[in-house]
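Chain by chain, the residues:
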Amino acid sequence: MKLEGKKRIWSEYQKEIADDHYYYARSCIRQNFFPASETIFLRIMQQELGKDIKDDARHTTCTGIAYHSDLVPFDTTMTVVARLFSLMTEAGYENYAPSCITSFGLYSEILETWEHHPEIEARVREHLWKSTRREFKKPKNLAHASDIVYKFRHRIAEKGKYRLVNHKTGEPLKVVEHIGCHYSRMFPHKGVGGAEYPYVLVGMIEAWGGEVVDYPERRHCCGFGFRQYLVKSNRGYSISSSRKKFESMEPFKPDMIITNCPGCPYFLDRWQYAISEMEGKTYGENGNGIPVLTYEETAGLVMGYDPWDLGFQMHQVSVEPLLDKIGVPYDPYAKYLGVNGKFIGTPEHPEVLKVY
Amino acid sequence: MKNVIVIGGGVAGMESSAQLADMGYQVTLVEKESKLGGHVDQWDFLFPNHRPAREIIDSLKQRLNYKVEVKLGTEVESMQRNNGQYAVKLNSTEVLHADALLLASGFDLFPAQKKEEYGYGIYNHVITAADLEEIFRSGNLRKVVSGNTHRIGIVHCVGSRDEKVGNEYCSKVCCVTGVKQAIRLREALPEYEVFNFYMDLRMFGRYFEDLYREAQEKWGVQFVRGRVSEASEDVKGNVVVKVEDTLAGRPMKISLDLLILLTGFIPSKGTSRLGDLLQLEFGSDRFLKPADEHLLRNHSKLEGVFLAGACTGPRSIAETITDARAAVLEIAAFFRDKVTVHE
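Residues numbered from 1 in each chain as written. Chains lettered and ligands numbered in written order. Predicted model: local features only at pLDDT ≥ 70, side-chain atom pairs only at ≥ 80, totals over all residues.

### Comments concerning the overall build of chain A
Phase 1: Each helix and strand counted, chain A has 15 helices and eight strands in total.
Phase 2: With respect to the three principal axes, the spread of C-alpha positions in chain A is 60 × 50 × 45 Å.
Phase 3: Within chain A, the proportion of its 356 residues that are buried is 49%.
Phase 4: Sequence-distant contacts in chain A: of pairs separated by 6 or more residues, those separated by 24 or more amount to 77%. (Helix = DSSP H or I, 4+ residues; strand = E, 2+ residues; numbered from the N terminus. Buried ≥ 20, exposed ≤ 12 C-beta atoms within 10 Å, placed from the backbone. Contact = placed C-beta atoms within 7 Å.)

Next comes the structure, spelled out in structure tokens:
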């Protein structure tokens, strides 16, 4: 592997990322799957970096999942997105920062469509006006939340307590990065690093001390693939996609996986359990799985936040072996205490995959 | 005596310069590189008869001896027409005068790194056909292959017939080059399997089809109809490629010791620059456009400016030599008749 070759490509795909004043659009599903991620992002942005970021309770789905599942037509999707832009305009912001990769891809697709077809934009403006009496300005800057963390990765490293390094050996942790399909595959220039060798997560891993693993199935889908999972009879495709990735990354002995998409960490995390039950196979060391973290959770880990405030107790694959490697202290007895300090119960332990 | 300036010292420029000098014209050959020979000078053996490329270059150089003034390491900075003559200013500040100009500025190879998904310049064992020729010449082939998989892949149409990179044209010679290189690999590394991944094979030239049959029947080269979608590197450093076998109707994933990219032709930077300097027309493929695609293939739209070789599109060596000779006859006719090409 020649790093210079990748650096040349990375230098060709740089994008403008606003420095402050963001309108944050949460994901439909992330608060259920990895509930602390978005909260951690806001905490880092507001409390650690002193940025102005609007978390607006009025916004809705962008319809992305339904759109990509052929359930919602494009005109409806564009009108819903136009309403979201109108909320941003009303709140006095110009920089739109979605949490979800599918949303980011969809916003990019819509803005590109409007640029090439102003008549469609005019039609959507009319739809929005007729249905809500709302108007909007298009965002001046569209950056996915992972772009923003990438932008401030060195400041996070400076402020952080921990690095992605094995504290016993001093060796960098081997980190698999998985990028959501809709981040840059449709519009390579809208993603940091382009489509084939995206840099957005690589940049974070490098800045935080880890070593990136490039493995043959790096570009392969996580397994969500919308209808691969949403249609129950297709779920074999979903788990086989995830399995293909695990089999491919296993020889590199990764310490962790970092993702920037709502669906990817969910499927890469949960399917490790399902595969262990179906095939008796685990992909980490000593019967453990490979911990799967969102980039916000990883940033929070670097910052030194309490692991249970990062929501690691909601992961299927236990994160404790990773915490031990980095040297992050944690109270195992506090793992299943709710925010009110009361015990919320321990989930049933699987038979093959080790959980703590 | 009439003067001709030939710009470009590859096969087309060398052949036309020698022919023009033989016909009694005063010829100056201007080449930006420090030596003559162009791309062919980098090649090892040629299709379809495995002839050493060196023979062609040596023969052409020999014919230039003493008859043609050769200016190496020299670039044209500007060209102006005054009183039926062209004043050509060189980067050496020298100004030459000519009654006719012959552009033989050729092609560049498509930069393989633009097909990012193939990982050229990133993965250690992804090379181009031109790199392979250099390896053949150096005799280091065995040092380049790791011996992990005993398989080598050759990808056709890299940067040709590809809307994604904006090159919709066929580069003509890559198919037969892939067949030639596959045979050479099997000769040199008999324990290796060689796979050619192709869209369709365009064996247009004499003996090309024979070479294709020989590759299959004598050398067991495997031809897989399908485009490689991506390459990556496994933990041992092997190249892993994904390709759809469209005849078998199923996807393939295969690990290789070496992946060779058959990069196509693009207009050389020199061709584009000379065309801009003279305000010549370009085709949709961005190569120079002749005055007439059938009848005046070596004429530009400008009186006294002629075209030869791959500056007007991809060509084999044999075609380039024929084209260079045709251009020489057109120049001779121009001097004889002073034929004017009207726009």
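### Examining the nonpolar core
What tends to happen in soluble globular proteins is that the nonpolar side chains get buried as a cluster.
Phase 1: Counting 101 residues, the largest nonpolar core has B:Val4, B:Leu101, B:Leu102, B:Leu103, B:Leu259, B:Ile260 and B:Leu261 as its most contacted members.
Phase 2: A domain split of this core shows at least three residues from each of domain 1 (3-106 + 268-337) and domain 2 (112-265) of chain B.
Phase 3: Aside from chain neighbours lying at most four places away, what touches B:Leu259 is B:His125, B:Val126, B:Gly153, B:Val155, B:Ala231, B:Val239 and B:Val241.
Phase 4: Core analysis: the second largest hydrophobic core is formed by 96 residues, A:Leu142, A:Leu164, A:Val213 and A:Cys221 among them. (Core = buried A, V, L, I, M, F, W, Y, C linked by C-beta atoms within 7 Å. Domains from an automatic or database assignment.)

### Some words on the sheet that holds strand E8 (residues 95-98) of chain B
Whenever strands of a sheet pair, they do so through backbone hydrogen bonds, lying parallel or antiparallel.
Residues and elements named next belong to chain B.
Phase 1: One open sheet accounts for three strands, arranged E6-E7-E8; its pairing is antiparallel. Only two strands of the sheet have a single neighbouring strand rather than two, namely strand E6 (76-82) and E8. Ignoring which end each strand starts from, the neighbouring axes of this sheet average 20° apart.
Phase 2: Of the pairings in the sheet, the one linking strand E7 (residues 85-90) to E8 comprises four bridges and is antiparallel in character. Following the sheet pairing, Ala 87 is matched in E8 by His 97. (Pairing = 2+ DSSP bridges. Axes fitted to C-alpha atoms, helices over the stretch in contact; angles between N-to-C directions.)

### Re the domain arrangement of chain B
Residue and element names in this part refer to chain B.
Phase 1: With domains assigned, chain B is organised as domain 1 (3-106 + 268-337) and domain 2 (112-265).
Phase 2: Placing the centre of domain 1 and that of domain 2 at their C-alpha centroids yields a distance of 32 Å.
Phase 3: On the domain 2 side, the residues contacting the 11 residues of domain 1 number 18 residues.
Phase 4: Partitioning the side of domain 1 that touches domain 2 into residue classes produces six nonpolar, two polar and three charged. (Nonpolar A, V, L, I, M, F, W, Y, C, P; charged D, E, K, R; others polar.)

### Digging into the interface of chain A and chain B
Phase 1: Facing 15 residues of chain A, the contacting portion of chain B comprises 13 residues.
Phase 2: Of the residues in the side of chain A that touches chain B, the class split is six nonpolar, two polar and seven charged.

### Here's the deal with the packing of helix H5 (residues 74-90) of chain A against helix H6 (residues 101-116) of chain A
Residue and element names in this part refer to chain A.
Phase 1: Two elements in contact, H5 and H6, have axes whose closest approach is 11 Å; the angle formed by their N-to-C orientations is 100°. On the basis of the axis angle, H5 is roughly perpendicular to H6. Along its contact with H5, which presents Thr 77, Met 78 and Val 81, the element H6 presents Leu 106, Tyr 107 and Ile 110. (Parallel < 35°, antiparallel > 145°, perpendicular 65-115°, else oblique.)

### A look at the domain arrangement of chain A
All names here are of chain A.
Phase 1: Assigned domains of chain A: these are domain 1 (20-145) and domain 2 (151-332).
Phase 2: Distance between the C-alpha centres of domain 1 and domain 2: 25 Å.
Phase 3: Taken together, the contact between domain 1 and domain 2 spans 25 residues of the former and 29 residues of the latter.
Phase 4: Put simply, the parts of the chain that give the side of domain 1 that touches domain 2 at least two residues each are helix H2 (30-33), helix H3 (37-48), helix H4 (64-68) and H6.
Phase 5: Here the element with the most residues in the side of domain 1 that touches domain 2 is H6; it accounts for seven residues.
Phase 6: In terms of residue class, the side of domain 1 that touches domain 2 is built from 13 nonpolar, eight polar and four charged.

### Quick notes on the environment of A:Arg58
Phase 1: Along the chain, the position of A:Arg58 falls in the loop between strand E2 (53-55) and H4.
Phase 2: A:Arg58 sits 248 residues away from A:Asp306 along the chain, and the two C-alpha atoms are 30 Å apart.

### Focus on the confidence of the model for chain B
Phase 1: When pLDDT is averaged along chain B, the result is 95; 99% of the residues meet or exceed 70.
Phase 2: Reported confidence for the predicted complex is 0.90 by ipTM and 0.92 by pTM. (pLDDT = per-residue confidence, 0-100.)

### Remarks on the sheet that holds strand E5 (residues 174-178) of chain A
Residues and elements named next belong to chain A.
Phase 1: Strands sit in the order E6-E5-E7-E8 across an open sheet of four strands; the sheet is parallel. Strands with a single pairing partner mark the edges of an open sheet, and in this sheet they are strand E6 (211-213) and strand E8 (292-294). Looking at each pair of strands side by side, their axes are set apart by 40° on average, direction ignored.

### Considerations on the environment of B:Leu307
All names here are of chain B.
Phase 1: Tracing the sequence through the fold places Leu 307 in strand E20 (residues 305-307).
Phase 2: Measuring from C-alpha to C-alpha, the distance between Leu 307 and Met 23 comes to 18 Å, with 284 residues separating the pair along the chain.
Phase 3: Leaving out residues up to four positions away in the same chain, Leu 307 has contacts with Leu 103, Leu 288, Pro 290, Asn 298, Ser 300, Thr 312 and Ala 327.

### Focus on unusual backbone geometry
Phase 1: A cis amide bond links B:Phe47 with the next residue in sequence, B:Pro48, at an omega value of -5°.
Phase 2: Turning to its location among the elements, B:Pro48 is positioned in the loop between strand E3 (45-46) and strand E4 (51-52).
Phase 3: Here A:Arg133, not a glycine, exhibits a phi torsion of approximately 60°, which is positive.
Phase 4: Here A:Arg133 is to be found in the loop between helix H7 (118-132) and strand E4 (141-142).
Phase 5: Among the residues examined, A:Arg133 registers 8 C-beta atoms within 10 Å and is labelled exposed.
Phase 6: Unlike most non-glycine residues, B:Gln279 shows phi in positive territory, near 55°.

### What about helix H12 (residues 235-249) of chain A?
Residue and element names in this part refer to chain A.
Phase 1: Taking 1.5 Å as the rise per residue, H12 with 15 residues should run 21 Å; its terminal C-alpha atoms sit 22 Å apart, in good agreement.
Phase 2: For H12, every residue scored as buried is listed here: Ser 238, Ser 241, Ser 242, Arg 243, Lys 245, Phe 246, Ser 248 and Met 249.
Phase 3: For H12, the elements touching its buried residues are E5, E6, helix H11 (227-230) and helix H13 (263-279). (Expected span 1.5 Å × (residues − 1).)

### Section: helix H8 (residues 317-337) of chain B
All names here are of chain B.
Phase 1: With 21 residues, H8 should cover 30 Å at 1.5 Å per step; its first-to-last C-alpha distance of 30 Å lies within 8% of that length.
Phase 2: Among the residues of H8, Ile 317, Thr 320, Ile 321, Asp 323, Ala 324, Ala 327, Val 328, Glu 330, Ile 331 and Phe 334 are the ones counted as buried.
Phase 3: Among the structural elements, strand E1 (3-7), helix H1 (11-22), E3, helix H2 (53-64), strand E9 (100-103) and E20 are those in contact with the buried residues of H8.
Phase 4: One or two residues past the end of H8 sits Lys 338, with phi positive at roughly 55°.

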